[in-house]
Amino acid sequence: MTLDAARYAEQGFLVIPGFKPAAEIAALRQRALQIVDAFDPGEQRPVFTTEEQQRHVDDYFLDSGDQVRCFFEEEAFDAEGRLRVPKELAINKIGHAMHDLDPVFSAFSKGEALRGVATALGLARPQVWQSMFIFKQPGIGGEVRWHQDASFFESDPVTVTTFWFALEDATLHNGCLWTEPGGHRGPRGVLRERFVREGRKAWMEQVDATPWPAADSRQAVPLEVEAGSLVVFHGLLPHYSAANRSEKSRHAYTLHVTDGASRYSPRNWLQRGADLPVQGF
């Protein structure tokens, strides 16, 4: 596969339209709904929010690195703790090891085409640490604040690369990605935060005070893409997505990949043991 590596180096991201066929997307979405249907939270109400790292990280999340687990949208419950919408419309995401543990997700997450993209972007030994199926539910799909994925997958040097697959059209109306083109390099291309873990505790610590882009400034650019598109972006690239207040979901699937030639930090929240070693494409 021929990619514009120079543009990627300059902008920090690339959009590859038509990367995944409709049949593969349909199979992945169907499998995700099956996982949600089988999910029984019992007394537990695991909620995912990008502010979670600031106030509380529970065992359900910390132990999900080698599991397949569902997390609710923050606005899925009423004041009494009851679901406001049907369960299939209440889940924020599924994470974080479907690419290794589920046959349908594994098939979607591997193959020569993905290896080609990784090679073109300079990943000599790609290692896929995490997968997430993101629902961005209609009406209650939560905002994902400005962040850098290198905060969660720190390595020396920084090599984490995000593979973001649009499973539905992503538009300004249903919460598409926003990025800061070129924000991964130069004086703004610094790691601002680091999500670290020690034992059963994890927290976000500030590394640099460089401000995030203002949503109403020229720094922030929306990435409206059609279903089937692949967006790849650098781990230091600031990105964001608004809440989804529309009547249409914005399903997406992501993989977070580092180069095995870099040193993966032992303080990262997600670690893999010998029972489920990290693998490539």
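Here the structure is shown first, and the text comes after it.
Residues numbered from 1 in each chain as written. Predicted model: local features only at pLDDT ≥ 70, side-chain atom pairs only at ≥ 80, totals over all residues. Heavy atoms only, no water.

For the chain, the helix and strand inventory stands at seven helices and 15 strands. Its C-alpha atoms give the chain principal-axis dimensions of about 50 × 45 × 40 Å. Split into buried and exposed, the 281 residues of the chain put 55% on the buried side. Intrachain contacts of the chain at a sequence separation of at least 6 include 83% that bridge at least 24 residues. Of the roughly 12400 Å² that the chain leaves accessible, carbon and sulfur atoms contribute 51%. For the chain, the distance from the average site of its 30 positive side-chain charges to the average site of its 38 negative ones is 2 Å. (Helix = DSSP H or I, 4+ residues; strand = E, 2+ residues; numbered from the N terminus. Buried < 20%, exposed > 50% of the residue type's maximum accessible area, 1.4 Å probe, protein only. Contact = heavy atoms within 4.5 Å. Areas by Shrake-Rupley, 256 points an atom, 1.4 Å probe, with all protein chains shown as cover. Lys, Arg positive; Asp, Glu negative; His and termini not counted. Charge placed at Lys NZ, Arg CZ, Asp CG, Glu CD.)

Below, the discussion takes up the sheet that holds strand β4 (residues 126-134). Across a sheet, strands are paired by hydrogen bonds formed along the backbone, either parallel or antiparallel in direction. What the seven strands build is an open sheet, ordered β1-β12-β7-β14-β4-β3-β2; its pairing is antiparallel. Each edge of the open sheet carries a strand with a single partner, namely β1 (13-16) and β2 (68-72). The sheet shows a mean angle of 20 degrees between the axes of neighbouring strands, taken without regard to direction. Of the strand pairs in this sheet, strand β3 (residues 91-96) and β4 are connected by four bridges, and their pairing is antiparallel. Residue pairing for β4: histidine 96 is matched across the bridge by serine 131. Of the strands in this sheet, β2, β3, β4, β7 (161-166) and β14 (252-259) are in contact with helix α2 (residues 22-38), which crosses β3 at around 100 degrees. (Pairing = 2+ DSSP bridges. Axes fitted to C-alpha atoms, helices over the stretch in contact; angles between N-to-C directions.)

What follows deals with the sheet that holds strand β13 (residues 239-241). Read from one edge of the open sheet, four strands run β5-β13-β8-β11, paired in antiparallel fashion. Among the strands making up the open sheet, the edge pair consists of β5 (144-147) and β11 (221-223). For this sheet the average axis-to-axis angle between neighbouring strands, irrespective of direction, equals 25 degrees. With three bridges connecting them, strand β8 (residues 177-179) and β11 associate as antiparallel partners.

Let us look at the nonpolar core. Within the largest apolar cluster, 56 residues are counted, with the highest numbers of intra-cluster contacts made by Ile94, Val117, Phe133, Phe163, Phe165, Leu230 and Tyr253. Among the elements that make up this core, the one with the highest residue count is α2 (five residues). For phenylalanine 165, the contacting residues outside a window of four places in its chain are Phe19, Lys20, Phe108, Leu114, Ser229, Leu230, His251, Ala252, Tyr253 and Leu255. Within the second largest apolar cluster, 16 residues are counted, among which are Phe13, Ala166, Ala220 and Val225. (Core = buried A, V, L, I, M, F, W, Y, C linked by side-chain atoms within 4.5 Å.)

A separate point is the side chain of serine 229. Note that serine 229 resides in the loop between β11 and β12 (230-234). Taking relative accessible area as the criterion, serine 229 reaches 3% and is therefore assigned buried. Looking at serine 229, its side chain comes within polar contact range of the main-chain oxygen of glutamate 226, at 2.8 Å. Those residues in contact with serine 229, other than ones at most four positions away along the chain, are Ile16, Pro17, Gly18, Trp164, Phe165 and Ala166. (Polar contact = N/O pair within 3.5 Å; in protein donor to acceptor, adjacent residues only side chain to side chain.)

Turning next to the environment of arginine 125. Inspection of the secondary structure puts arginine 125 in the loop between α7 (112-120) and β4. On the accessibility criterion, arginine 125 (49% relative accessible area) is partly exposed. Each C-alpha atom of the pair arginine 125 and glycine 199 lies 28 Å from the other, and the pair is 74 residues apart in sequence. Setting aside anything within four residues of it in sequence, one finds arginine 125 in contact with Thr258, Asp259, Gly260 and Ala261.

Tallying each qualifying case throughout the model produces 18 salt bridges. Measuring nitrogen to oxygen at the nearest pair gives 3.1 Å for the salt bridge that ties aspartate 59 to arginine 200. Of the two residues, aspartate 59 is situated in helix α4 (residues 59-62) and arginine 200 in the loop between β9 (193-198) and β10 (201-206); the sequence distance between them amounts to 141 residues. What makes arginine 200 partly exposed here is its relative accessible area of 43%. For glutamate 112, the salt bridge goes to arginine 115, with nearest N and O atoms at 2.9 Å. Of this pair, glutamate 112 and arginine 115 are both found in helix α7, three residues apart, which corresponds to roughly one turn of the helix. A single salt-bridge network, built from bridges that share partners, covers Glu154, Arg194, Glu198, Glu205 and Arg267. (Salt bridge = Lys/Arg side-chain N within 4 Å of Asp/Glu carboxyl O.)

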